[in-house]
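An overview of the molecular structure
Take a look at the letters that make up each chain.
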Amino acid sequence: MTEDTRSVRLRRVGTDDLTAPEVEAIRRLLVAAFGSDDEERFTEDDWQHAIGGQHFLLEIDGDIVAHASVVERELHVGGRPLRTGYVEAVATAPDCQRAGLGTMVMREVGSYIRERFELGALGTGSHRFYERLGWLTWRGPSYVRSPTARARRRTRTATSLCFRHRPAPRSISRRPSAASGGPATCGSGGGRWRR
Ligand SMILES: CC(C)(COP(=O)(O)OP(=O)(O)OC[C@H]1O[C@@H](n2cnc3c(N)ncnc32)[C@H](O)[C@@H]1OP(=O)(O)O)[C@@H](O)C(=O)NCCC(=O)NCCS
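Not measured: the values here are computed from a predicted model.

The subject of this paragraph is the overall build of the protein chain. What the protein chain contains, in helices and strands, is 4 helices and 10 strands. Ordered by position from N to C terminus, the α and β elements of the protein chain give β-α-α-β-β-β-α-β-α-β-β-β-β-β. Residues counted as buried form 33% of the 195 residues belonging to the protein chain. Across the protein chain, every contact between residues at least 6 apart in sequence was considered, and the portion connecting residues at least 24 apart equals 70%.

Residues with a pLDDT of 70 or more make up 77% of the protein chain, whose mean pLDDT is 84. Scored below 50 in pLDDT, residues 177-181 makes 10 contacts in the model with residues more than four places away or belonging to other chains.

Neighbouring residues of the ligand: 18 residues in total, closest Thr92, Gln97, Gly102, Thr103 and Ser126. Secondary-structure elements contributing two or more residues to the shell around the ligand are α1 (20-34), β4 (80-92), α3 (101-116) and α4 (127-131). For the shell around the ligand, the class distribution of residues is 8 nonpolar, 7 polar and 3 charged.

All right, on to the nonpolar core then. Of all hydrophobic cores here, the largest spans 40 residues; its most connected members are Leu29, Ala68, Val105 and Val109. At the level of elements, α1, β2 (54-60), β3 (63-77), β4, α3, β5 (119-124), β9 (160-164) and β10 (184-187) are the ones that each hand at least two residues to this core. In terms of residue count, the dominant contributor to this core is β3 (8 residues). Once residues within four sequence positions are removed from consideration, Ala68 is found in contact with Phe56, Val87, Ala89, Val90, Val105, Met106 and Val109.

All right, on to α3 then. Helix length check: α3, at 16 residues, gives a terminal C-alpha distance of 23 Å against a target of 22 Å (1.5 Å per residue), a fit within 8%. When we look at burial in α3, the residues that qualify are Leu101, Gly102, Val105, Met106, Val109 and Ile113. Viewed along the axis of α3, the buried residues span an arc of 120 degrees, placing them on a single side of the element. Across from the buried face of α3, at angles greater than 90 degrees, the exposed residues are Ser111 and Glu115.

What follows deals with unusual backbone geometry. Even without being glycine, Asp61 reaches a positive phi, approximately 50 degrees. Notably, Ala89 is not glycine yet its phi reads approximately 50 degrees, a positive angle. Within the element layout of this structure, Ala89 appears in strand β4.

Take the environment of Arg114 next. If you trace the backbone, Arg114 turns up in helix α3. Residue Arg114 is classed as partly exposed on the basis of its C-beta count, with 14 C-beta atoms lying within 10 Å. On a C-alpha basis, the gap between Arg114 and Gly85 in space is 8.9 Å, while along the polypeptide they are 29 residues apart.

With 11 of its 15 residues buried, β3 lies for the most part within the structure. Pairing between β2 and β3: 7 bridges, direction antiparallel. Bridging from a neighbouring strand, Ile60 pairs with Asp63 of β3. If you look at the hairpin formed by β2 and β3, you'll find 2 residues sitting between the two strands, and Asp61 has a positive phi there, around 50 degrees. Examined bridge by bridge, β3 and β4 share 11 bridges and lie antiparallel to one another. Looking at the pairing, Glu74 lines up with Arg83 of β4.

Procedures and definitions
- Residues numbered from 1 in each chain as written.
- Predicted model: local features only at pLDDT ≥ 70, side-chain atom pairs only at ≥ 80, totals over all residues.
- Helix = DSSP H or I, 4+ residues; strand = E, 2+ residues; numbered from the N terminus.
- Buried ≥ 20, exposed ≤ 12 C-beta atoms within 10 Å, placed from the backbone.
- Contact = placed C-beta atoms within 7 Å.
- pLDDT = per-residue confidence, 0-100.
- Near = placed C-beta within 6 Å.
- Nonpolar A, V, L, I, M, F, W, Y, C, P; charged D, E, K, R; others polar.
- Core = buried A, V, L, I, M, F, W, Y, C linked by C-beta atoms within 7 Å.
- Expected span 1.5 Å × (residues − 1).
- Arc of directions from axis to C-beta.
- Pairing = 2+ DSSP bridges.

Okay, here's the thing in structure tokens:
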């Protein structure tokens, strides 16, 4: 039996405190993890949505192998504005996946959001990954708020929003109802739903 002597470190860094080599390594990781499929690939636009908050970096022997970031946004649920930790750019390097690293990152992200925000949110197609960590899938409509457009823009149907808030506030049920009073909306400034 061989002993695993690799050093594993999980740290949180603000965008402004990332070094240029760290930014390069994170972006390389994101591009590799999301792949080259036109619908899925990680774009410059995606990166712009992932910065301006806190980055969670998981390193093995000094190499960044998993990442997520949390940026502050204001979501309105049933008309009520909620200070939200929005999770972006969740990825594990392809050769390190299915080893629990994404889970380690998302547990840390969950604690951070619980401590500092009223709500956590993210857009995903990988529901199982998040639901097993306590996230709930929003099954009602969601829109991007725009100060200029007369009509709100409906979010892409392929995109689902997950919420995390424990205990879930009474105003947030998974479907809009008398209790929630309406759909979920996010401001257009960096708040575009993706994935
Ligand atoms: C999704 C992702 C971050 C998961 O990272 P990971 O380090 O492989 O995750 P873990 O090893 O902690 O996964 C634990 C469990 O989550 C579930 N899971 C993992 N990846 C999943 C996926 N893509 N979809 C659904 N469930 C997933 C599985 O149940 C897995 O347990 P198992 O291996 O025993 O079946 C990684 O697959 C990835 O980078 N994918 C490409 C980019 C992406 O899709 N990011 C998320 C978009 S919101």
